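Fold and geometry: a report
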Amino acid sequence: MKLAVIGMYHETNTFAPGRTGLEAFSTEWVLGNDEFLSRYRDTRTSMGGVIDAVCSEGIELACGLYAGAVPSGMIAADAADHLIGAVAGSLDTTSDGVLVILHGAMAAEGLPDVEGELLRRVRERLGLSKPIAATLDLHANISPEMVRNTNILVGYDTYPHIDAYERAVEAAALLIRTIRGEIVPTLAMAKPGMLVVPQMMPTHEEGPMKEWMDRAFAMELEPRVLNVTVAGGFPYSDVPDAGVSFVVTTDKDPELAVRYADELKRMAWDSRERFAYAALPVEEAVSKAMEIAEGPVILVEGSDNVGGGAPADAPIPWLF
Ligand SMILES: [Zn+2]
């Protein structure tokens, strides 16, 4: 057996100023087995997870291109075109299946669903008979095109994200079982039509997001359920598929996949009021900051987060 791995990673803030060009991906443009293995072996990344999962089974790994950039503004049309062509083109089509490492919230000028287009091209090159697995960030804006062109979709279960490695191992294991004919994954997606801010998405604190995750984990205990992905979505992206998504993957049971995805969708909609984020008015925030004896105190507007591609030109440093 031979498994291919490729990837493309960027969180696109379509409200941020400027355009993201191809040069933004130059610091993480990793092509071929030698580069991929020397850079990612023994790392707790998605790529490290794929390497361990595939090598521990004695399976041959065919590394294509993995290109990543830090979050920033809209990707320029020509950059997206080149990137998709290079990543899809690097796929070893003699492989028995492919794992595609994605963020899930990439957007380009004229192309709001970059990952959907990449996966469509990967499917075109690999054919219908070989399985495609993809991993996604918890902030993925999952599109019908992504679901249509994959057999296995596995998103992070944590925010802050601490399980990229584990989820890649999980996706690779499902891919290997699919190739061996042990399982036949069927996917169903449901979207409640909710745009939620990241401040309300922590998965380790009590709250609605944790409740969705707990329900998803309970579903995953059933033998017919292969994976339940809960994606909070990335709201700083003005694209049609932005927002919360649930993808349920079952073994040969499309009806159950639909039923569970719908259950999570209803659960989400019923908890929508609990996602309202109460930001402090500026005066109140300043007076609270003044009460803190030891600094520094930094007042920030939550959406102006560099980790989400914003320029961070709004914080007010309040030094004592
Ligand atoms: Zn994220």
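Residues numbered from 1 in each chain as written. Predicted model: local features only at pLDDT ≥ 70, side-chain atom pairs only at ≥ 80, totals over all residues. Heavy atoms only, no water.

**A closer look at the packing of helix 1 (residues 32–40) against helix 2 (residues 46–55)**
- Their axes nearest at 9 Å, the elements helix 1 and helix 2 cross at an angle of 110°. Considering their axes alone, helix 1 and helix 2 lie roughly perpendicular with respect to each other. Of the residues in helix 2, those touching helix 1 at Phe36, Leu37 and Tyr40 are Met47, Gly48 and Ile51.
- Classifying every residue of the contact of helix 1 with helix 2 gives five nonpolar, one polar and no charged. (Axes fitted to C-alpha atoms, helices over the stretch in contact; angles between N-to-C directions. Helix = DSSP H or I, 4+ residues; strand = E, 2+ residues; numbered from the N terminus. Parallel < 35°, antiparallel > 145°, perpendicular 65-115°, else oblique. Contact = heavy atoms within 4.5 Å. Nonpolar A, V, L, I, M, F, W, Y, C, P; charged D, E, K, R; others polar.)

**Brief notes about the pattern of salt bridges**
- A full pass over the atoms with the stated rule returns 17 salt bridges.
- Among the salt bridges present, the one from Arg177 reaches Glu182, with a minimum N-O distance of 3.7 Å.
- For Arg177, a relative accessible area of 34% corresponds to the partly exposed category.
- Look at the salt bridges and you will find they share partners, linking Glu117, Arg120, Arg121 and Glu124 into a network. (Salt bridge = Lys/Arg side-chain N within 4 Å of Asp/Glu carboxyl O. Buried < 20%, exposed > 50% of the residue type's maximum accessible area, 1.4 Å probe, protein only.)

**Describing empty space enclosed by the protein**
- Using the criterion set out here, one finds one cavity of 30 Å³ or more in the structure.
- Lining the largest cavity are 13 residues, with Gly104, Met106, Pro112, Asn141 and Val239 positioned closest to its centre.
- Among the residues making up the lining of the largest cavity, the classes are represented as six nonpolar, four polar and three charged. (1 Å grid on protein atoms, 1.4 Å probe; cavity = no way out; pocket = protein on both sides within 12 Å on 5 of 7 lines; lining within 4 Å. Points joined across faces, edges and corners; volume = space filled by probe spheres on them.)

**A look at the coordination of the zinc ion**
- Surrounding the zinc ion are the protein donor atoms Asp137 (OD), Asp137 (OD), His139 (ND1) and His161 (NE2), which sit 2.1 to 2.8 Å from the metal.
- Within one chain, the residues serving as donors to the zinc ion are arranged as D-x1-H-x21-H. Here the residue Asp137 occupies a position in the loop between strand 5 (132–136) and helix 5 (144–148), and His161 occupies one in the loop between strand 6 (152–155) and helix 6 (164–179), the gap between them amounting to 24 residues.
- For His161, a relative accessible area of 31% gives the class partly exposed. (Donors = N, O, S within 2.8 Å, 3.2 Å for Na, K, Ca; no water.)

**Quick notes on helix 4 (residues 114–126)**
- End to end, helix 4 covers 18 Å across 13 residues, agreeing with the expected 18 Å (1.5 Å per residue, within 8%).
- Those residues of helix 4 that sit buried are Val114, Glu115, Gly116, Glu117, Leu118, Leu119, Val122, Arg123 and Leu126.
- At its buried positions, helix 4 is contacted by strand 1 (2–9), helix 3 (77–89), strand 4 (97–102), strand 5 and helix 5.
- Following helix 4 by one or two positions, Gly127 has its phi on the positive side, about 90°. (Expected span 1.5 Å × (residues − 1).)

**Some remarks on the domain arrangement of the chain**
- When the domains of the chain are assigned, the result is domain 1 (2–275) and domain 2 (282–318).
- Measuring from the centre of the C-alpha atoms in domain 1 to the corresponding centre in domain 2 gives 32 Å.
- Between domain 1 and domain 2, the contact holds ten residues from the first and eight residues from the second.
- Here domain 1 packs against domain 2, burying approximately 530 Å² in sum over the two surfaces, 55% of which is carbon and sulfur.
- On the domain 1 side of the contact with domain 2, Asn13, Pro71 and Tyr236 bury the most area, a combined 52% of that side's loss.
- Linking domain 1 with domain 2 are zero salt bridges, by the criterion used here.
- For the pair domain 1 and domain 2, the interface holds one residue pair in polar contact (both at pLDDT 80 or more).
- Residue classes in the side of domain 1 that touches domain 2 are distributed as five nonpolar, four polar and one charged. (Domains from an automatic or database assignment. Buried area = accessible area lost by both parts, 1.4 Å probe. Polar contact = N/O pair within 3.5 Å; in protein donor to acceptor, adjacent residues only side chain to side chain.)

**A word on the sheet that holds strand 2 (residues 29–31)**
- Strands sit in the order 2-3-1-4-5-6 across an open sheet of six strands; the sheet is mixed. With one partner strand each, in any of the chains shown, strand 2 and strand 6 form the two edges of the open sheet. In this sheet, neighbouring strand axes are inclined to one another by 15° on average, regardless of whether the strands run parallel or antiparallel.
- Here strand 2 pairs with strand 3 (residues 60–68) via three bridges, running antiparallel. Across the sheet, residue Val30 finds its bridge partner in strand 3, namely Tyr66.
- Sitting on the sheet, helix 3 touches strand 1, strand 2 and strand 3, and the angle it makes with strand 1 is about 165°. (Pairing = 2+ DSSP bridges.)

**A look at the state of the cysteines**
- Enumeration over the complete set of coordinates arrives at zero disulfides.
- In this structure Cys55 is not part of a disulfide, and its nearest cysteine sulfur, from Cys63, lies 8.3 Å away.
- A relative accessible area of 9% places Cys63 in the buried class. (Disulfide = S-S within 2.5 Å.)

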